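A look at the structure
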Amino acid sequence: DQQVKQNSPSLSVQEGRISILNCDYTNSMFDYFLWYKKYPAEGPTFLISISSIKDKNEDGRFTVFLNKSAKHLSLHIVPSQPGDSAVYFCAAFRPTSGTYKYIFGTGTRLKVLA
Amino acid sequence: DTGVSQDPRHKITKRGQNVTFRCDPISEHNRLYWYRQTLGQGPEFLTYFQNEAQLEKSRLLSDRFSAERPKGSFSTLEIQRTEQGDSAMYLCASSEETQYFGPGTRLLVL
């Protein structure tokens, strides 16, 4: 039962253009969402998060959008840089339920072409 | 460096052997988590501690797996009688709110 899905295993984008990574979830009880970036042989690095009471959160080049009715979130990276090439994971959890475990998607490999 | 650290970074073992991994969290974080990641998958939750109390365990954590956090600081994850299917990246994270991950321990069971 994959509660968090990233249906695009890979994405290639030209340097300077926008990268859009998508994530869908099935559990409407999730109330907090996060994006992590992972380089090979390293642990995931936190990028940005959003609470279910918001529909947008921005941090520099990174913006996360949440569409609760569609159970969909996306990460926009503008402008994309070669150093952004990595695997991106979305994660969801329900802090209000007393559990702190994150449920991760399967990841999308982003390649930014110079 | 005040991030999460894990030791060892790599471990190769033969099937049937026991292995133990260590995680040192960010010092002010009272929550500590273990995840496992295999190729093509996202991290999968294994277990979670608040201080020294183990509050949640995944059904992925079979009886061959045991985790401890004896003084509420560092944690160990032991796998007994390793199997080839245990080969994975074992990730530790700590948090006050957002979880911050260590570099992981890559286990290969031959």
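Structure shown above.
No experiment lies behind these values; they were computed from the predicted model shown.

Rules of the game
Residues numbered from 1 in each chain as written. Chains lettered and ligands numbered in written order. Predicted model: local features only at pLDDT ≥ 70, side-chain atom pairs only at ≥ 80, totals over all residues. Heavy atoms only, no water. Salt bridge = Lys/Arg side-chain N within 4 Å of Asp/Glu carboxyl O. Helix = DSSP H or I, 4+ residues; strand = E, 2+ residues; numbered from the N terminus. Buried < 20%, exposed > 50% of the residue type's maximum accessible area, 1.4 Å probe, protein only. 1 Å grid on protein atoms, 1.4 Å probe; cavity = no way out; pocket = protein on both sides within 12 Å on 5 of 7 lines; lining within 4 Å. Points joined across faces, edges and corners; volume = space filled by probe spheres on them. Nonpolar A, V, L, I, M, F, W, Y, C, P; charged D, E, K, R; others polar. Core = buried A, V, L, I, M, F, W, Y, C linked by side-chain atoms within 4.5 Å. Contact = heavy atoms within 4.5 Å. Disulfide = S-S within 2.5 Å. Pairing = 2+ DSSP bridges. Polar contact = N/O pair within 3.5 Å; in protein donor to acceptor, adjacent residues only side chain to side chain. Axes fitted to C-alpha atoms, helices over the stretch in contact; angles between N-to-C directions.

Attention shifts here to the pattern of salt bridges. Residue and element names in this part refer to chain A. Taken as a whole, this structure holds five salt bridges over all chains when the rule is applied. In this structure, Asp84 engages Arg61 in a salt bridge whose closest nitrogen and oxygen atoms are separated by 2.8 Å. Here Asp84, found in the loop between β8 (72-77) and β9 (86-93), pairs with Arg61, found in the loop between β6 (56-59) and β7 (62-67); they are 23 residues apart in sequence, far enough to count as distant. What makes Arg61 partly exposed here is its relative accessible area of 22%.

Okay, the layout of surface pockets next. Volume-wise, the second largest pocket comes out at about 450 Å³. Lining the second largest pocket we find 22 residues, and of these Arg109 of chain A together with Gln37, Thr38, Leu39 and Gly40 of chain B sit closest to its centre. Those elements giving two or more residues to the lining of the second largest pocket turn out to be β9 and β11 (108-113) of chain A together with β9 (88-95) and β11 (105-109) of chain B. Split by residue class, the lining of the second largest pocket holds ten nonpolar, nine polar and three charged.

All right, on to the nonpolar core then. With 23 residues, the main nonpolar core has Phe33, Trp35, Leu73, Leu75 and Tyr88 of chain A as its most contacted residues. Elements supplying a minimum of two residues to this core: β3 (19-25), β4 (32-38), β5 (45-51), β7, β8, β9 and β11 of chain A. Broken down by element, the residue count for this core peaks at four residues, all from β9 of chain A. Ignoring sequence-local partners within four residues, the contact set of Leu73 of chain A consists of Leu21, Asn22, Cys23, Tyr25, Phe33, Trp35, Val64, Phe65 and Leu66 of chain A. Among the nonpolar cores identified, the runner-up in size contains 19 residues, and Phe21, Leu32, Phe65 and Ala67 of chain B belong to it.

By definition, a disulfide is the covalent link that joins the sulfur atoms of two cysteine residues. Residues and elements named next belong to chain A. Considering all chains together, one arrives at two disulfides over all chains under this definition. The residue that forms a disulfide with Cys23 is Cys90, at a sulfur-sulfur distance of 1.9 Å. On the S-S bond that ties Cys23 to Cys90, the torsion sits near 65°, and the link is right-handed. On the criterion of sequence distance, the pair formed by Cys23 in strand β3 and Cys90 in strand β9 is long-range, its members being 67 residues apart.

Time to look at the sheet that holds β6 of chain A. All names here are of chain A. Taken in spatial order, the five strands make up an open sheet running β1-β3-β8-β7-β6, and their pairing is antiparallel. With one partner strand each, in any of the chains shown, β1 (4-5) and β6 form the two edges of the open sheet. The sheet contact formed by β7 and β8 spans six bridges and is antiparallel. Within the sheet, the bridge partner assigned to Phe62 lies in β8 and is Ile77.

What follows covers empty space enclosed by the protein. Going through the model one piece at a time under the given rule, you end up with one cavity of 30 Å³ or more. By volume, the largest cavity amounts to about 30 Å³. For the lining of the largest cavity, the per-class residue count stands at three nonpolar, two polar and two charged.

Before going further, it helps to spend a moment on the environment of Asp24 of chain B. All names here are of chain B. Within the element layout of this structure, Asp24 appears in strand β3 (residues 19-24). Considered as a pair, Asp24 and Ile12 are twelve residues apart in the sequence and their alpha carbons are 21 Å apart. Setting aside chain neighbours within four positions, we find Asp24 in contact with Gly3, Val4, Ser5 and Phe74. Within the structure, Asp24 has its side chain in polar contact with the side chain of Arg22 (distance 2.7 Å).

Moving on, we get to the sheet that holds strand β8 (residues 75-79) of chain B. Residues and elements named next belong to chain B. The sheet built from four strands is open, its strands ordered β1-β3-β8-β7 with antiparallel pairing. Strand pairing shows two members of the sheet lacking a second neighbour, β1 (5-7) and β7 (65-68), which therefore form its edges. Averaged over all neighbouring strand pairs, the angle between strand axes comes to 15°, with direction disregarded. Here β7 pairs with β8 via four bridges, running antiparallel.

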